[in-house]
Amino acid sequence: MRTILATITAFLLAGSLSAQTYTVFIHGKSDKNHNGVGTTDVNSYWGSSVNSVGGTRIFIGYDGTSDPRSYGSSRAQSNIATGLTNYCKGANSCKIVCHSAGCYAIEYWLSNLGSTASAKGFNLTKVTALAAASGGSELANALNGITFGFGGNAMDKSLIVTTARGAFNHNNTGGVAVNHVPGYKGMFGASAILPGEDDYAVAYHSSCAYNRAGGLNKCQSSLTQYEGLWPFGSNKTYNQYSGHYRAPSVSSTGLYLDHGQIKTEGWR
């Protein structure tokens, strides 16, 4: 009897010891191919910014010039499916950290699961969305406009505001909380194109997951503001999509960080 109990105990302990908790990083737009799924940050998109996160880190990479909604070799959707299947099922659990268009990619993937992530066998604790570009960027609109639709790569075209907002059901996060971390350290030129607060690449309407585009300076569940010239203007209300929240450790004003600097905030 003691031998049987010892064997069962050893089996259970082995199972618990084999369980892993991972932080999975998904990058955004880049002019490099970061293709790979594993413990290597291919072509060093994240650099030293990952040091803010302890434990085992997994990197899901793809061609940073491609549409984040696309499947195939070196494509975001295929590599996300492979990475999360390999590392985030069974006894393992994962927290996802995405940046910019990487958030577009994972939100698209979650919305198209066909069920909740847990029902599909994935153990995803949350998504920390750093400067999410899931709502698109007016910079992509401007590039598309001045080149009459001929300029920009597939990633740029996917980031046109109407394209990004119409690409998937942003209210469906597969039952996983998406916690947003916006930055408001803008840049001359870019900030003249981006409405409201911005990090020089995306505005708050995107990085805070609001349900419509607009010039906003707060990141919260709901915001009503007067727009237009008095007395002809009116109040307009913006709400965060379902399943989307401001990260609890961030105030409604956001962080004074630009689009690149905010990559260090994956610990939130």
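Conventions adopted
Residues numbered from 1 in each chain as written. Predicted model: local features only at pLDDT ≥ 70, side-chain atom pairs only at ≥ 80, totals over all residues. Heavy atoms only, no water. Helix = DSSP H or I, 4+ residues; strand = E, 2+ residues; numbered from the N terminus. Polar contact = N/O pair within 3.5 Å; in protein donor to acceptor, adjacent residues only side chain to side chain. Contact = heavy atoms within 4.5 Å. Expected span 1.5 Å × (residues − 1). Buried < 20%, exposed > 50% of the residue type's maximum accessible area, 1.4 Å probe, protein only. Arc of directions from axis to C-beta. Phe/Tyr/Trp six-rings, centres within 6.5 Å; stacked < 30°, edge-to-face > 60°. Lys NZ or Arg CZ within 6 Å of the ring centre and 35° of its normal.

Under an unreviewed UniProt entry, the protein has the name Lipase and belongs to Leptospira kanakyensis.

Colleague: Account for the side chain of Gln 77, naming residues and giving values.
Modeller: Inspection of the secondary structure puts Gln 77 in helix H2 (residues 76-87). Of note is the side chain of Gln 77, whose polar atom sits 2.9 Å from the backbone oxygen of Ala 105. When residues no more than four places from it in sequence are discounted, the contact partners of Gln 77 are Pro 68, Arg 69, Ser 70, Tyr 71, Ala 105, Tyr 108 and Trp 109.

Colleague: Give me the lowdown on H2, citing residues and values where you can.
Modeller: For H2, with 12 residues, the first-to-last C-alpha span of 16 Å sits near the 16 Å given by 1.5 Å per residue. Residues of H2 that are buried: Ala 76, Gln 77, Asn 79, Ile 80, Gly 83 and Leu 84. Viewed along the axis of H2, the buried residues span an arc of 165°, placing them on a single side of the element.

Colleague: Explain the packing of aromatic side chains to me, using residue names and the numbers behind them.
Modeller: Within this structure, the stated rule accounts for 9 aromatic pairs. For the pair Tyr 45 and Trp 46, a centre-to-centre distance of 5.5 Å together with 75° between the ring planes defines the contact as edge-to-face. No difference in accessibility class separates Tyr 45 from Trp 46, as the two residues are buried. A connected cluster of aromatic rings, assembled from ring pairs, spans Phe 25, Tyr 45, Trp 46 and Phe 59. For Lys 89, the ring lying beneath its charged end belongs to Phe 122, and the centroid distance is 4.5 Å. For the cation-ring pair, Lys 263 lies above Tyr 45, with the distance from its terminal atom to the ring centre recorded as 4.4 Å.

Colleague: Could you give an account of unusual backbone geometry, with specific residues and numbers?
Modeller: A cis geometry characterises the amide bond from Trp 230 onward to Pro 231, with omega recorded as 5°. For Pro 231, the location among the structural elements is in the loop between strand E7 (222-227) and strand E8 (234-239). Residues other than glycine seldom take positive phi values, yet Asn 43 does so here, at roughly 60°. Tracing the chain through its elements places Asn 43 in the loop between strand E2 (33-38) and strand E3 (56-63).

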